[in-house]
Every structure is written in structure tokens, then in C-alpha cells.
Amino acid sequence: HEYRLKTRNCILAKDEVGKARPSCYDLPPSSHAYGKAVEAVNEGAKEVIGKWETHSPRQRAEDLQQDFRAINKMAARNGVTNGKQLADFRKGVDCKVTP
């Protein structure tokens, strides 16, 4: 039982009731700061508001989608009978989904 209290083996270390489990690793001193040092930005709220940029929305992905049902119907009307012909037909046709 005393060996478990003195060991540095994380598997054998037991915690006491009401206390955190003791560390099994060699940690840096308490003065060590974890993380990446971030450089201070000389830009405050005044500068940000002074050069306000309006939002310009991007084109939605739904607007760029092909309407495969319509393309397949057009392909069937044009006599497309196999997958290779359909792939070639789709390259030449641009039919977007209408909301």
C-alpha cells in the first residue's frame, strides 16, 4: 500500500477521497505559462469602427447545384443510353436548381 503512495506510475497512483489525484509527471515550475504568446494589437474599438466594412454575402452553394433530374430527362430525350454518354452529356449542359 505504501508503494502506491510513493510510486510515479500513473496506473498505480490512487487518489485520496476528496482530493485530486497527485501528478505522475514532471511538470514545469509554477511560474511557467502554458500556451502561445500572443502579440498585442494596437487597434482598439475606435480604429475598428472608423473603418467599418459592410457585409457582402457569398453565393450560396445551393445556387450552384445542378438539377440532375432535369439533366437526366434531357439526356433521355436526346437518346443517351449509358453512363459514359451521360457523363459527356452532363459536361455540355448547365442546368441549375431553381428554388
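Just so it is clear, the model here is predicted, and its values are computed rather than measured. (Residues numbered from 1 in each chain as written. Predicted model: local features only at pLDDT ≥ 70, side-chain atom pairs only at ≥ 80, totals over all residues. Heavy atoms only, no water.)

1. A few points about the nonpolar core
Considering soluble globular proteins, one finds that nonpolar side chains tend to be buried as a cluster. Ranked by size, the top nonpolar core spans five residues in total: Ile71, Ala75, Phe89, Val93 and Cys95. Look past the residues within four positions of Val93 in its chain and what remains in contact with it is Gln66, Ile71 and Met74. (Core = buried A, V, L, I, M, F, W, Y, C linked by side-chain atoms within 4.5 Å. Buried < 20%, exposed > 50% of the residue type's maximum accessible area, 1.4 Å probe, protein only. Contact = heavy atoms within 4.5 Å.)

2. A few points about the packing of helix H3 (residues 68-77) against helix H4 (residues 83-92)
The interhelical angle for the contact between H3 and H4, taken along N-to-C directions, is 115°, at an axis separation of 10 Å. Handedness of the H3/H4 crossing: right-handed. Here Phe68, Ile71, Asn72, Met74 and Ala75 of H3 lie close against H4, whose contacting residues are Leu86, Phe89 and Arg90. For the contact of H3 with H4, the residue count by class is six nonpolar, one polar and one charged. (Axes fitted to C-alpha atoms, helices over the stretch in contact; angles between N-to-C directions. Helix = DSSP H or I, 4+ residues; strand = E, 2+ residues; numbered from the N terminus. Left-handed = near helix turned anticlockwise from the far one by under 90°. Nonpolar A, V, L, I, M, F, W, Y, C, P; charged D, E, K, R; others polar.)

3. Some details on the environment of Tyr3
If you trace the backbone, Tyr3 turns up in helix H1 (residues 2-6). Separated by 32 residues in the primary sequence, Tyr3 and Gly35 have C-alpha atoms spaced 35 Å apart.

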